[in-house]
Amino acid sequence: MVHFVGAGPGAPDLITLRGAELLRSADVIIYAGSLVNPALLKMAGEDCEIYNSAEMTLEDVLEVMERAEREKKNTVRLHTGDPCLYGAIREQMDALDSRGIPYDDTPGVSSFCGAAAALGAEYTLPDVSQSVIITRMAGRTPVPEGENLASLASHGASLVLFLSAGMLDKVQEELLRGGAYTAETLAALVYKATWPEEKVVRCTVGTLARTAQEAGIRKTALVLVGDFLGDAYSRSKLYDPAFTTEFREGRP
Ligand code: SAH
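The structure displayed is predicted, hence computed values, not measured ones.

(A) Region of the structure containing the side chain of Arg77. Among the secondary structure elements, Arg77 is positioned in strand S4 (residues 75-79). Although Arg77 lies buried, it forms no salt bridge, and the closest oppositely charged side chain, Glu91, sits 7.4 Å away as judged by the N-O distance. At a separation of 3.2 Å, a polar atom in the side chain of Arg77 contacts the side chain of Ser53.

Here it is, written out as structure tokens:
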């Protein structure tokens, strides 16, 4: 059987208990290269075969999984953060389906959650934003035209960009073209959230590219944009003394 496992954003104690147990009992681990903290691989048993998928094609990965299955071994496919975001798991799952190899998926803490934690931020602040847009800048890998960054930026919602820290000139341009953010809108770069070398830099949309250059950040970083990074918001209704909920009577 193949277990897809979310490794979490970096810190080895941010993997789930289930993920850790699967790692400990794995016969084969295929991990997603430098984005997975090597400390996690130390959980593996002595006889575990370990492969770095950064050096492999989809076909190579499937070959390892198929062989392991023939030998009645357990494979862990270890993806960074949560496998459901930019994990390329669907193509693996479909290939396993067509080969009749069973699999399951154990979620992990995505890096966009690790980045919010590093900033002490909440994406969904009352009267500021109640939506989080997770996307990427189109580069060598395209993004469907209906999701071009400028159009997503037109909402003014909390926005997280994966895989885009190396294209910040273009990112700035597109964010401003959307019309809802200005050059002064708050932004942040979080490099290697939850790793020992984590770096957090606050800036504005207009200074994203310069800030990244000064901080030496080019990859393994998230770009966060929106007024949720500021100080103005309304307090929650849920914890407002005057607000009645299913569990608590409001008092004037
Ligand atoms: N599935 C992963 C994302 C994989 S795509 C998740 O849920 O987080 C790889 C991109 O994720 C990187 O280019 C970077 O933009 C981001 N990323 C992954 N780990 C990160 C971390 N610890 N800190 C900041 N960004 C990270």
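So, next bit.
(B) Quick peek at the site of the ligand. The full set close to the ligand counts 18 residues, and Leu85, Ser110, Ser111, Ala193 and Ala221 are the nearest of them. Within the contact set of the ligand, an oxygen atom lies 2.8 Å away from a side-chain nitrogen or oxygen of Ser110. Ala193 is positioned with one of its backbone polar atoms (N or O) 2.8 Å from a nitrogen atom of the ligand. Burial of the ligand by the protein chains amounts to 95% of its free accessible area of 540 Å². Grouping the amino acids of the shell around the ligand by side-chain chemistry returns 11 nonpolar, 5 polar and 2 charged. Among the domains, domain 1 (2-106) and domain 2 (111-229) are the pair contributing at least three residues each to the shell around the ligand.

(C) Molecular detail of the pattern of salt bridges. Taken as a whole and assessed by the stated rule, the structure comprises 12 salt bridges. For Lys170, the salt bridge is made with Glu173, and the minimal N-O distance between the two is 3.8 Å. Separated by 3 residues within a single helix, Lys170 and Glu173 lie in helix H7 (residues 168-177), roughly one turn from each other. Counted as one network, the salt bridges with shared partners bring together Glu49, Arg67, Glu71 and Lys73.

(D) Examining the pairing of strand S8 (residues 186-191) more closely. Two strands pair when backbone bridges link them, and S8 and strand S9 (residues 199-204) are joined in this way by 6 bridges, in the antiparallel orientation. Residue Ala187 lies in a different strand from S9, and its bridge partner there is Cys203. Bridging between S8 and strand S10 (residues 221-225) involves 5 bridges; their strand directions are antiparallel. Directly across from Ala188, in S10, lies its bridge partner Leu224.

(E) Up close: the sheet that holds strand S1 (residues 2-6). Strand order across the open sheet formed by 5 strands is S3-S2-S4-S1-S5, with parallel pairing between neighbours. Two strands bound the open sheet, and with one partner strand each, they are strand S3 (49-52) and strand S5 (103-106). Here the strands of the sheet are splayed against their neighbours by 20° on average, with no regard to which way each runs. In this structure, S1 lies alongside S5, joined through 4 bridges in parallel fashion. Looking across to S5, one finds that Phe4 is bridged to Asp105. Along the sheet, helix H3 (residues 58-70) makes contact with S1, strand S2 (28-31), S3 and S4, crossing S2 at roughly 165°.

(F) Inspection of the environment of Leu168 at higher detail. Mapped onto the fold, Leu168 is located in helix H7. The spacing of Leu168 and Ser111 is 57 residues in sequence and 19 Å in space, taken between C-alpha atoms. In this view, Leu168 contacts Leu189, Leu208, Ala209, Ala212 and Val223; residues no more than four positions away in its chain are not counted.

(G) Representation of the domain arrangement of the protein chain within the structure. For the protein chain, the assigned domains are domain 1 (2-106) and domain 2 (111-229). Computed over C-alpha atoms only, the centres of domain 1 and domain 2 are separated by 28 Å. The interface of domain 1 with domain 2 comprises 12 residues on the first partner and 12 residues on the second. Buried surface at the junction of domain 1 and domain 2, both sides included, amounts to about 850 Å², of which 72% is carbon and sulfur. Its largest share of buried area at the contact with domain 2, domain 1 owes to Pro9, Leu85 and Tyr86, together 60% of the area lost on that side.

(H) Looking closely at H7. Turning to H7, its buried residues number three or more, namely Leu168, Val171, Gln172, Glu174 and Leu175. As for H7, its buried residues are in contact with helix H6 (149-153), strand S7 (158-162), S8, helix H8 (208-215) and S10.

Analysis parameters
Residues numbered from 1 in each chain as written. Predicted model: local features only at pLDDT ≥ 70, side-chain atom pairs only at ≥ 80, totals over all residues. Heavy atoms only, no water. Helix = DSSP H or I, 4+ residues; strand = E, 2+ residues; numbered from the N terminus. Buried < 20%, exposed > 50% of the residue type's maximum accessible area, 1.4 Å probe, protein only. Lys, Arg positive; Asp, Glu negative; His and termini not counted. Salt bridge = Lys/Arg side-chain N within 4 Å of Asp/Glu carboxyl O. Polar contact = N/O pair within 3.5 Å; in protein donor to acceptor, adjacent residues only side chain to side chain. Near = heavy atom within 4 Å. Areas by Shrake-Rupley, 256 points an atom, 1.4 Å probe, with all protein chains shown as cover. Nonpolar A, V, L, I, M, F, W, Y, C, P; charged D, E, K, R; others polar. Domains from an automatic or database assignment. Pairing = 2+ DSSP bridges. Axes fitted to C-alpha atoms, helices over the stretch in contact; angles between N-to-C directions. Contact = heavy atoms within 4.5 Å. Buried area = accessible area lost by both parts, 1.4 Å probe.

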